[in-house]
Amino acid sequence: MKLQQRMNRRALTLGALAVSGALALTACGSDDTGTTTDSSATTGAASSIKCDDAKGQLLADGSSAQKNAIDAWVKEFSTACGVQINYKGGGSGAGVTAFTQGTVAFAGSDSALKPEEVTASKAVCTGGQAIDLPMVGGPIAVGYNVPGVDNLVLDATTIAKIFDSKITNWNDAAIKALNPDATLPDLKIQAFHRSDESGTTDNFTKYLIAATPDNWKYEGGKAWQAKGGQSASGSSGVAAQVKQTSGAISYMELSYAKDGINAASLDTGAAAPVEATVPNATAAIAAAKVVGTGSDLALQLDYATKADGAYPITLVTYEIVCDKGNKADTLPATKAFLTYIASEDGQKILADAGYAPMPTDIITKVRTTIAGLS
């Protein structure tokens, strides 16, 4: 196990360097346009932000999974451009609803828009419709709090049974079989799921449906459907419950799995269990296919991958915006902010915050699409 950890740490370092190199190459062909910021901009990332005519404030809502990334971006952008951005982070469902009701300039969602949501968006996107722009990637960690267990391996079948209340104790034979060297306590499992409509829930259950369909019979979606367990609101909510509850387990974006929360490695059928890391998530996302049409860049992920070093429980957070018909008073700021977060500097922030930057070919398409927003 220690040898495997050293190998994984080396892979993490090499993966991060590869991602940084790819992003640097991408920047050479960036479609970012506009004037540079004024002299009030700070040095570093903020100094390269192009504010154009951005002004005023932006209201936004949606994915709590990307909240930590949004906060980091907003700090840099607001310093450079003086625009106030209020991102509520109330969950993907709330974000999409707010957008289709016309109360926010853009929304974040960990699930691509449904046809009925696109239809609803036409009422607020004059002459256009809402589109999905993949901007933030990352692993959905299976975070746990089990005293004395720092390295835990789980597989799809075991995870499904835990969250379907069919495995209820940490010393269950199925968990022992995956962790022969661990000292598993006689401790009740406290499984937490999201109480709000969540794209993280959608992606987590898509993984279970794809990887172990015989053990997860639910349809999936943003709303939790399995019986039993306990619930909390938002990624921060389930993370807080796991941190303070002995025997707890939940699913959350990797940046929330810290300070007393360990993340399980997954036995996917690959040569070795796969850790929840940024490079391993990037490896899985790189195999995604663009299935959106026109300006929409919705992706199809392979949740059942068995490729070595590919972590399958991943999510991609989309920024949702009108392709045409954005409100005139918020378009300049919205476009400038999206241009920044899709830029080389914007994407660099992600890895430092525990997120996965978008692969080069995908983010290049995003930049082109943002340049054409109207």
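Residues numbered from 1 in each chain as written. Predicted model: local features only at pLDDT ≥ 70, side-chain atom pairs only at ≥ 80, totals over all residues. Heavy atoms only, no water.

## Let's talk about the overall build of the chain
Helix and strand content of the chain: 12 helices and 13 strands. A burial count over the chain gives 53% of its 374 residues as buried. Summarising the internal contacts of the chain: among those between residues at least 6 apart in sequence, 75% fall at separations of at least 24. Working note: accessible area of the chain is about 15500 Å², and carbon and sulfur atoms make up 50% of it. (Helix = DSSP H or I, 4+ residues; strand = E, 2+ residues; numbered from the N terminus. Buried < 20%, exposed > 50% of the residue type's maximum accessible area, 1.4 Å probe, protein only. Contact = heavy atoms within 4.5 Å. Areas by Shrake-Rupley, 256 points an atom, 1.4 Å probe, with all protein chains shown as cover.)

## Remarks on the packing of aromatic side chains
According to the stated counting rule, one finds 12 aromatic pairs in the structure shown. Both rings, one in Phe 204 and one in Tyr 251, keep their centres 4.4 Å apart while their planes meet at 10°; by these two values the pair is stacked. One end of the pair, Phe 204, is in helix α7 (residues 199-211); the other, Tyr 251, is in strand β8 (residues 248-253), with 47 residues separating them in the sequence. Pair check on accessibility: Phe 204 and Tyr 251 agree, each one buried. An aromatic cluster is built from Phe 163, Phe 204, Trp 216, Tyr 218, Trp 224 and Tyr 251, whose rings are joined through pairwise contacts. (Phe/Tyr/Trp six-rings, centres within 6.5 Å; stacked < 30°, edge-to-face > 60°.)

## With respect to the pairing of strand β1 (residues 57-62)
Examined bridge by bridge, β1 and strand β2 (residues 84-87) share 4 bridges and lie parallel to one another. Counted as the bridge partner of Ala 60 is Tyr 87 from β2. Taking the sense of rotation as the criterion, the β-α-β connection linking β1, helix α2 (residues 67-81) and β2 turns out right-handed. One ladder, built from 3 bridges, connects β1 with strand β3 (residues 106-109); its direction is parallel. In the sheet register, Asp 61 faces β3, and the bridge partner there is Ala 107. (Pairing = 2+ DSSP bridges. Right-handed = clockwise from strand over helix to strand, strands pointing away.)

## Regarding the packing of helix α10 (residues 331-342) against helix α11 (residues 344-352)
Closest axis-to-axis distance for the α10/α11 pair is 4 Å, and the angle between their directions is 60°. If you check the angle between α10 and α11, you find them oblique. When α10 is examined against α11, the residues Tyr 340, Ile 341 and Ala 342 are found in contact with a partner set consisting of Glu 344, Asp 345, Gly 346, Gln 347 and Ile 349. Split by residue class, the contact of α10 with α11 holds 4 nonpolar, 2 polar and 2 charged. (Axes fitted to C-alpha atoms, helices over the stretch in contact; angles between N-to-C directions. Parallel < 35°, antiparallel > 145°, perpendicular 65-115°, else oblique. Nonpolar A, V, L, I, M, F, W, Y, C, P; charged D, E, K, R; others polar.)

## Points about unusual backbone geometry
The phi angle at Asp 52 is positive, at roughly 50°, despite the residue not being glycine. On the secondary structure map, Asp 52 appears in the loop between α1 (2-28) and β1. The phi dihedral of Asp 259 falls on the positive side, at around 55°, and the residue is not glycine.

## What about the nonpolar core?
The biggest cluster of nonpolar side chains holds 97 residues, and the ones touching the most others in it are Trp 73, Phe 77, Met 135, Phe 163 and Ile 249. Looking at this core element by element, the count peaks at 8 residues for strand β4 (residues 130-145). Phe 99, Ala 107, Cys 125 and Ala 130 belong to the second-largest nonpolar core, a separate cluster that totals 11 residues. (Core = buried A, V, L, I, M, F, W, Y, C linked by side-chain atoms within 4.5 Å.)

## Some thoughts on the side chain of Thr 334
Within the element layout of this structure, Thr 334 appears in helix α10. What makes Thr 334 buried here is its relative accessible area of 3%. With sequence-adjacent residues up to four places away left out, Thr 334 is seen in contact with Leu 58, Ala 105, Phe 106 and Val 321.

## Topic: the packing of helix α5 (residues 156-163) against α7
At their nearest, the axes of α5 and α7 sit 9 Å apart, and the two run at 125° to each other. When the axis of α5 is compared with that of α7, the two are oblique. Crossing handedness for the pair α5 and α7: left-handed. For the pair formed by α5 and α7, the contact residues are Ala 156, Ile 159, Ala 160 and Phe 163 on the first element and Phe 204, Tyr 207, Leu 208 and Ala 211 on the second. Across the contact of α5 with α7, the residue classes tally to 8 nonpolar, no polar and no charged. (Left-handed = near helix turned anticlockwise from the far one by under 90°.)

## Here we look at the confidence of the model for the chain
Mean pLDDT for the chain: 89, with 87% of residues reaching 70 or above. Residue range residues 1-43 is modelled with pLDDT below 50. Its contacts to residues more than four positions away, or to other chains, number 53 contacts. (pLDDT = per-residue confidence, 0-100.)

## Some remarks on the state of the cysteines
For the structure on display, the rule yields 2 disulfides. With its sulfur 2.0 Å from that of its partner, Cys 51 forms a disulfide with Cys 81. Looking along the S-S bond of the Cys 51-Cys 81 disulfide, the torsion reads about -90°, which is the left-handed sense. With a gap of 30 residues between them, Cys 51 in the loop between α1 and β1 and Cys 81 in helix α2 connect regions that are remote in the sequence. According to the relative accessible area criterion, Cys 81 is buried, its value standing at 15%. Covalent S-S linkage joins Cys 125 and Cys 322, the inter-sulfur distance amounting to 1.9 Å. (Disulfide = S-S within 2.5 Å.)

## Concerning the pattern of salt bridges
Enumeration over the complete set of coordinates arrives at 6 salt bridges. For the salt bridge of Lys 67 with Asp 71, the shortest nitrogen-to-oxygen distance reads 3.0 Å. Of this pair, Lys 67 and Asp 71 are both found in helix α2, 4 residues apart, which corresponds to roughly one turn of the helix. For Asp 71, a relative accessible area of 37% translates into the label partly exposed. Lys 166 is paired through a salt bridge with Asp 164; the nearest N and O atoms lie 3.4 Å apart. Residue Lys 166 is classed as exposed on the basis of its relative accessible area of 58%. (Salt bridge = Lys/Arg side-chain N within 4 Å of Asp/Glu carboxyl O.)

## Overview of helix α8 (residues 234-244)
Buried within α8 we find Gly 234, Ser 235, Gly 237, Val 238, Ala 239 and Val 242. Structurally, α8 contributes buried residues whose contacts are with β4, β6 (190-194), α7, β7 (230-232) and β8.

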